[in-house]
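Residues per chain are reported as follows:
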Amino acid sequence: MRAVAADNRRTPRSRMTASERREQLLTVSRGLFAERGFEGTSVEEIAARAAVSKPVVYEHFGGKEGVYAVVVDREVQGLTGALTGALAEGGHPKVMVERTALALLDYIEAHEDGFRILVRDSPVAQATGTFSSLIGDVATQVEHILVAQFKENGLEPRVAPLYAQMLVGMIALTGQYWLDARSPRKAEVAAHLVNLAWNGLKGMEKKPVLTKPRPRE
């Protein structure tokens, strides 16, 4: 009886604050969206995994679309910050390519669920919140670096924006591959990326043309 009385006197578990509940729902939702995608996730599943009722989810976010929008926005900001931070440090262009490649791989390693969400093609993703548009924004920041290098090496600076898209796109697609493969090691992946990118840039022709196909016999 004394044990029962003692249990009854225990302080009840404190309820989450609105801010804590919101963060919990975002964490739960991020995992579900990464695992099943936007279409494969329901408000019912979010509520069940968070051990709350559906109205709680609606109260905080207005529905599944609202939760998704916040999750995507946070991941976009996080990845953009990581990539632009690597570029903002300046230095030798080769070192900047290395830092950018490592920044992406670091982000994938630390935010696997978030990155999986970003690279999914979801119908509710806004034009400014997709992975492709994010990579395009980073490529724009790389343009001025390549323009300077092109001028220094007697290359046509007019095409530097095109090469910026190629360079950043190569790093991004390699990151998507490494997300699942996780081999070779992160530093080795970055080294190979830089090997292709930098050595390719060093050996560029001033006026490249396609090799003419052999005439048919």
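Every value quoted in this text rests on a predicted model; they were computed, and no experiment measured them.

Caption draft 1: Seen up close, the UniProt feature "DNA-binding region" (unreviewed entry) in the protein chain. In the numbering used here, UniProt assigns the "DNA-binding region" (unreviewed entry) feature to residues 42–61. Annotated as 80% helix and 0% strand, the span residues 42–61 places its first and last C-alpha atoms 13 Å apart.

Caption draft 2: Structural view of unusual backbone geometry. Cis geometry marks the peptide bond from S183 to P184; its omega dihedral reads 0 degrees. Structurally, P184 can be placed in the loop between α9 (160–181) and α10 (186–202). The phi dihedral of A51 falls on the positive side, at around 60 degrees, and the residue is not glycine. Following the sequence through the fold, A51 ends up in the loop between α3 (43–50) and α4 (54–61). Note on A51: relative accessible area 69%, which makes it exposed.

Caption draft 3: Layout of the packing of helix α2 (residues 18–36) against helix α7 (residues 112–119). Between α2 and α7, whose axes approach to 8 Å, the crossing angle comes to 55 degrees. One element, α2, and the other, α7, form an angle in the oblique class. When the axes of α2 and α7 are compared, the crossing they make is left-handed. Between α2 and α7, the contacting residues are R30, G31, F33 and A34 on the first element and D113, G114, R116 and I117 on the second. Each residue belonging to the contact of α2 with α7 can be placed in one class, and the counts come to 3 nonpolar, 2 polar and 3 charged.

Caption draft 4: Region of interest: the packing of aromatic side chains. Applying the stated criterion across every chain yields a total of 5 aromatic pairs. Ring geometry for F33 versus F38: centroids 6.2 Å apart, planes at 25 degrees, classification stacked. Like F33, the residue F38 is buried in the burial classification. Consider the rings of F150 and Y163, whose centres lie 5.3 Å apart with planes at 70 degrees: the pair is edge-to-face. Here Y163 lies in helix α9 and F150 lies in helix α8 (residues 131–152), a separation of 13 residues in the sequence. Judged by its relative accessible area of 3%, F150 is buried. An aromatic cluster of three or more residues is present, and its members are F33, F38 and Y68.

Caption draft 5: Representation of helix α6 (residues 93–110) in the model. Taking 1.5 Å as the rise per residue, α6 with 18 residues should run 26 Å; its terminal C-alpha atoms sit 26 Å apart, in good agreement. Those residues of α6 not exposed but buried are P93, M96, V97, R99, T100, A101, A103, L104, L105, Y107 and I108. As for α6, its buried residues are in contact with α5 (64–88), α7, α8, α9 and α10.

The rules we used
- Residues numbered from 1 in each chain as written.
- Predicted model: local features only at pLDDT ≥ 70, side-chain atom pairs only at ≥ 80, totals over all residues.
- Heavy atoms only, no water.
- UniProt positions renumbered as here; feature names shortened; annotations may be inferred.
- Helix = DSSP H or I, 4+ residues; strand = E, 2+ residues; numbered from the N terminus.
- Buried < 20%, exposed > 50% of the residue type's maximum accessible area, 1.4 Å probe, protein only.
- Axes fitted to C-alpha atoms, helices over the stretch in contact; angles between N-to-C directions.
- Parallel < 35°, antiparallel > 145°, perpendicular 65-115°, else oblique.
- Left-handed = near helix turned anticlockwise from the far one by under 90°.
- Contact = heavy atoms within 4.5 Å.
- Nonpolar A, V, L, I, M, F, W, Y, C, P; charged D, E, K, R; others polar.
- Phe/Tyr/Trp six-rings, centres within 6.5 Å; stacked < 30°, edge-to-face > 60°.
- Expected span 1.5 Å × (residues − 1).

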